[in-house]
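If you want the building blocks of each chain, they are given just below.
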Amino acid sequence: MSKFKFLVWCCALSFVASAWAAEEAYTIRATELKAKPYSDAQTLVTLPARSKVTVVQRRASWTQVRAGETAGWVKMLSIQLARGSTGRRADNGLRSLFNVARSGGSGATVTTGVRGLSEEQLKNTRPDPQALEKARRYAASKAEAKRFAAEGKLKSQQVDYFAAGGGR
């Protein structure tokens, strides 16, 4: 097989695979479509609320989408998967729950929560004991936490709960 034919087959296969993995979604508010997955990246276009997009891939708190002929990145919490959309990705979606994402060139970070995961992804999660053990290695002991607080001149303080109904 010639190199050209091999290259054509590889391109066709990657196109078919990406089309199969694509998920339909809608913007839930007016959303900036960014050139890169950073808050300070160039804005390509502002998508109006309820714009239909195709999910290409996810990276932490950002989702790469295609809107018509334009492809770019939106914040994960700005879109909602269409009903009946399946979680056909190789990962089960739980990884998105614990991702920490770079939100701009400044190095600021944000974490993402359950919002953005489909019901099917939540139902099909599987325990990952190795990931849990790795996360436990980051935990600080009570003594370490107290030492850190003392070095930062932090002081303990009591915060009262709000009364029911939102008032004090």
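Residues numbered from 1 in each chain as written. Predicted model: local features only at pLDDT ≥ 70, side-chain atom pairs only at ≥ 80, totals over all residues. Heavy atoms only, no water.

Our focus in this paragraph is the overall build of the protein. A tally of helices and strands in the protein yields 5 helices and 9 strands. For the protein, the α and β elements follow one another from N to C terminus as α-β-β-β-β-β-β-β-α-β-β-α-α-α. Every one of the 168 residues in the protein was classed for burial, and the buried ones make up 25%. When the accessible surface of the protein is totalled, it reaches about 12,700 Å², and 57% of it is carbon and sulfur. (Helix = DSSP H or I, 4+ residues; strand = E, 2+ residues; numbered from the N terminus. Buried < 20%, exposed > 50% of the residue type's maximum accessible area, 1.4 Å probe, protein only. Areas by Shrake-Rupley, 256 points an atom, 1.4 Å probe, with all protein chains shown as cover.)

On to the pattern of salt bridges. Inspection of the entire model under this criterion finds 5 salt bridges. One salt bridge in this structure joins Arg58 and Glu23, with 2.8 Å as the shortest N-O distance. You can see Arg58 sitting in strand 4 (residues 52-59) and its partner Glu23 sitting in strand 1 (residues 23-27), a full 35 residues away along the chain. Here Arg147 makes a salt bridge to Glu151, at a shortest N to O gap of 3.8 Å. You can see Arg147 and its partner Glu151 sitting in helix 5 (residues 142-151), 4 residues apart, about one turn around the helix. (Salt bridge = Lys/Arg side-chain N within 4 Å of Asp/Glu carboxyl O.)

Okay, helix 5 next. With 0 of 10 residues buried, helix 5 is to be regarded as a mostly surface element. After helix 5 finishes, the residue Lys153 shows a positive phi value of roughly 55°.

If you trace the backbone, Val74 turns up in strand 6 (residues 70-75). Expressed as a C-alpha distance, the spacing of Val74 and Thr27, which sit 47 residues apart in the sequence, is 9.1 Å. When sequence neighbours within four positions are dropped, the list of residues in contact with Val74 reads Thr31, Glu32, Leu33, Leu47, Ser61, Trp62, Thr63, Val65 and Ile79. (Contact = heavy atoms within 4.5 Å.)

Turning our attention to the pairing of strand 6. Along any regular strand, the residues point their side chains to alternate faces of the sheet. Here strand 5 (residues 62-67) pairs with strand 6 via 6 bridges, running antiparallel. For Thr63, the partnering residue across the bridge sits in strand 6 and is Val74. (Pairing = 2+ DSSP bridges.)

If you look at the biggest cluster of nonpolar residues, it comprises 10 residues: Ala25, Leu33, Leu47, Val53, Val55, Val65, Ala67, Val74, Ile79 and Leu81. Looking at this core, the elements with two or more residues in it are strand 4, strand 5 and strand 7 (79-81). (Core = buried A, V, L, I, M, F, W, Y, C linked by side-chain atoms within 4.5 Å.)

On to unusual backbone geometry, then. With a phi angle near 65°, Arg50 is a residue other than glycine that sits in the positive phi range. You can see Arg50 is positioned in the loop between strand 3 (43-47) and strand 4. By relative accessible area, Arg50 is classed as exposed at 57%.

Further remarks concern the environment of Thr54. Looking at the secondary structure, you find Thr54 in strand 4. Since its relative accessible area comes to 26%, Thr54 is described here as partly exposed. As for Thr54 and Ala71, which are separated by 17 residues in sequence, their C-alpha atoms are 9.2 Å apart. If we ignore the near neighbours within four places in the chain, the residues touching Thr54 are Ala22, Glu23, Gln64, Val65 and Arg66.

Moving on: the pairing of strand 1. Residues of strand 1 alternate between two faces, with Glu23, Ala25 and Thr27 buried on one and Glu24 and Tyr26 left unburied on the opposite face. Bridge count for strand 1 against strand 4 is 4 bridges, and the pairing is antiparallel. Residue Ala25 lies in a different strand from strand 4, and its bridge partner there is Val53. Bridge count for strand 1 against strand 7 is 3 bridges, and the pairing is antiparallel. Across the sheet, residue Tyr26 finds its bridge partner in strand 7, namely Gln80.

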